[in-house]
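Below, each chain spelled out in residue letters.
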Amino acid sequence: MSTLLIKNGRIMDPVNKTDRVANLFVRDGKIVSVTEEEPAADTVVDASGKLVTPGFIDIHMHESAIPEGSDQVPPYIERSMLLMGVTSCFGGNCGDAYGDPAELLDFYDEHGCYINMGLFAGHSYIRSKCGGTDKYAPVSAEVLEAMKKQAQAYLDAGCMGISFGVKYIPGTTWEEMVELSKLVVPSGRLVTAHIRNDCVNDMDAIDELRRLSEDTGCRVEVSHIGSMAAYGHMDEFLRHYDDARAAGVDMQADCYPYNAFSTAIGATTFDDYSLKNYNYNYGAIQIVDGENAGKRCTKEIFDWERANHPEHLCIGFFMNPDEIVMAMTHEGVMLGSDGLRAGLQGHPRAAGAFPRLISEYVKTGKVTLEHALEMMISMPRERLGLENKGVFNAGADADILIWDYDRMKDMATFDEPNLGAEGIDYVFIGGEIAAKDGEVVNSKLGRSIRFKEKK
C-alpha cells in the first residue's frame, strides 16, 4: 500500500465546484479525500501557493504510430501532452488512425504510455481497411457492410465512438454516415466529425451533422470549430450551433486557441478550389517536415510537395484571430488541442494549447479561471462519460496536476513547436509522479481508457 499527501494547495475541482486551500490524500493510486487533516503518508508534497487540479483531459488529439517491434510510445506528441498537464487524451479523431485501434489500446495496457489514452474508431481508416480506397468515390454495399462489422469490432474493443473526417473523404455518402453512426446509439457513445466543409458551405456542413443526430439519435461533437469557421462568419456558424442545441440536439464542440491549422499537404483541404476560398496565396502555407521543412510555400514548392510527399504536414495561416476568441469564449465550447506531429515537428498546439488557455485567455480576462477548468476538465469528462477521471471524488483515479498560476505559460512556437510549458510543478498519473518541473519522470504510467457503459 502506498500513500501520497499533497498539502496546503488551492484545491480546484470544477466537477464538485471545490475551491479552497486544503490537503489531498491518495492511497494506492486512488483519491481518498480532500481534507483539512494531515494524515501520515509515504510521499508528502507541499503545494503551498499552488493550484491542485485534476489532470487536464484532451478530447481531440492525434496519437503516435508505434514503430514495429517497439515496446515504447515514441517521445513525441504523448510526451508533449504530459508536459502541458494533460493526463487523459483521446486520439483516432478526424477519421484517422495511426495503427489498429484495438491493438493500440492493448499496447497501452501492456507497455504503458506517457498519459492515459482513449481512441475513437476512425471512419477513414476503417473505410480504407475494408477496401474503400478511393476517397472521392462512394463505397459499394459490400464494403459498407464490412465497414460496419469492423467498426463494431473496434467499439467492442473499447473505442469511445466513431470519428469522421468528411472533409478529407468527400466520397463519404449520407448512407455511410448514418449506418456507422447508428452503431454508437445503443451505448450512448459519441460521433465526432471534422465536418464536410470549412470556409465555404460550412453552415451546410454543421447542419448535416445536426441532421445526423436528429435522424439517428447519436450524440455529436463538432471538431475544432476554429479551423472550420474562422474565415469571416464564426458568428453565423455559432448561431447554427446554438440553434441545434436549443432544439434538443445533443451537440457540443471543441476548439484550439490558435489562428492557424495543420494538416497533410496532400489533403483535400488543398484541392484546387481551396486557396481561392481561403482568400490567401501559397505563402500562407508552411511545410513542417521533409526537405522543405520550415519553408513557406511558393507554387513550385506546393505542387512538388503535393506530387511527391502528400503525407508531409503543413501549417495554414488562414484563420481570423478575433473569431478564434469568439469560439473559445463561447460557453458551449471546450478545449481540444487537435495536436498532430511529425516527430518533434508540427504545430505548437500539440505542446501549448492547454497552458495557452490560461496565459492568453484567463490572465487577459477573456474567460474566468473557473470556466477554463471546466473547458479543460469537466466538460470533456462529462462528454466522454469518464466517471473516474477529472474529479477528486473518493475512489477516482489520482491523476493530479500541481501548477503555479502566475508562471503558467505556453512556450511552444511555430518555429520551436516542441517547447514545454512553464509553471507546471508536478503531474501525477495513478498517484505516481509522471513529470516534475518540466521533465518526464516515468513515461509508462498511462493506460488505455476504454468506453464503459453506465450501469
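This text goes with the structure placed above it.
First, a word on scope: everything that follows refers to the structure included in this document.

Cut-offs used in this document
Residues numbered from 1 in each chain as written. Predicted model: local features only at pLDDT ≥ 70, side-chain atom pairs only at ≥ 80, totals over all residues. Heavy atoms only, no water. Core = buried A, V, L, I, M, F, W, Y, C linked by side-chain atoms within 4.5 Å. Buried < 20%, exposed > 50% of the residue type's maximum accessible area, 1.4 Å probe, protein only. Helix = DSSP H or I, 4+ residues; strand = E, 2+ residues; numbered from the N terminus. Contact = heavy atoms within 4.5 Å. Axes fitted to C-alpha atoms, helices over the stretch in contact; angles between N-to-C directions. Parallel < 35°, antiparallel > 145°, perpendicular 65-115°, else oblique. Left-handed = near helix turned anticlockwise from the far one by under 90°. Nonpolar A, V, L, I, M, F, W, Y, C, P; charged D, E, K, R; others polar. Pairing = 2+ DSSP bridges.

Another point: the nonpolar core. When a protein is soluble and globular, its nonpolar side chains tend to lie buried together. Membership of the largest hydrophobic core comes to 126 residues, with the highest contact counts inside it found for Phe56, Phe237, Met376 and Trp403. It is helix H13 (residues 369-384) that contributes the most residues to this core, eight residues altogether. Contacts of Phe56, omitting those with residues within four sequence positions, involve Met84, Gly85, Val86, Thr87, Ser88, Phe354, Leu373, Met376, Ile377, Leu401, Trp403 and Met408.

Locating Ile402 in the fold gives a position in strand E20 (residues 400-403). When the C-alpha atoms of Ile402 and Val52 are compared, they prove to be 4.7 Å apart, with 350 residues separating the residues in sequence. Ignoring any residue separated from it by four or fewer positions in sequence, one finds Ile402 in contact with Ile6, Val45, Ala47, Lys50, Leu51, Val52, Ile424, Asp425, Tyr426 and Phe428.

The geometry of helix H4 (residues 141-156) relative to helix H5 (residues 174-181) is characterised by a closest axis approach of 10 Å and an angle of 30 degrees between their N-to-C directions. Comparing the axis directions of H4 and H5 gives the class roughly parallel. H4 and H5 meet at a crossing whose hand is right-handed. Contacts from Leu144, Met147, Lys148 and Ala151 of H4 reach H5 at Glu175, Glu176, Glu179 and Leu180. When its residues are assigned to classes, the contact of H4 with H5 shows four nonpolar, no polar and four charged.

Pairing of strand E1 (residues 3-13) with strand E5 (residues 51-54) involves two bridges; the strand directions are parallel. Looking at the pairing, Ile11 lines up with Val52 of E5. Note that E5 and E20 share four bridges and pair antiparallel. Each residue of the ladder has a partner; that of Thr53, found in E20, is Leu401.

This next bit is on the sheet that holds strand E14 (residues 261-264). Strands sit in the order E14-E16-E15 across an open sheet of three strands; the sheet is antiparallel. The open sheet has two free edges, formed respectively by E14 and strand E15 (285-287), since each of these has just one partner strand. Averaged over all neighbouring strand pairs, the angle between strand axes comes to 30 degrees, with direction disregarded.

The three strands lie next to each other as E6-E7-E8, forming an open sheet whose pairing is parallel. Strands at the two margins of the open sheet, each flanked by one partner only, are strand E6 (56-58) and strand E8 (116-119). Neighbour to neighbour, the strand axes of the sheet diverge by 15 degrees on average, direction disregarded. Both strand E7 (residues 86-91) and E8 contribute to a ladder of four bridges, which runs parallel. The residue bridging Ser88 from the neighbouring strand is Asn116, located in E8. Helix-sheet contacts for H13 involve E6 and E7, and the interaxial angle to E6 is about 60 degrees.

Everything listed here is a matter of geometry and, on its own, says nothing about what the molecule does.
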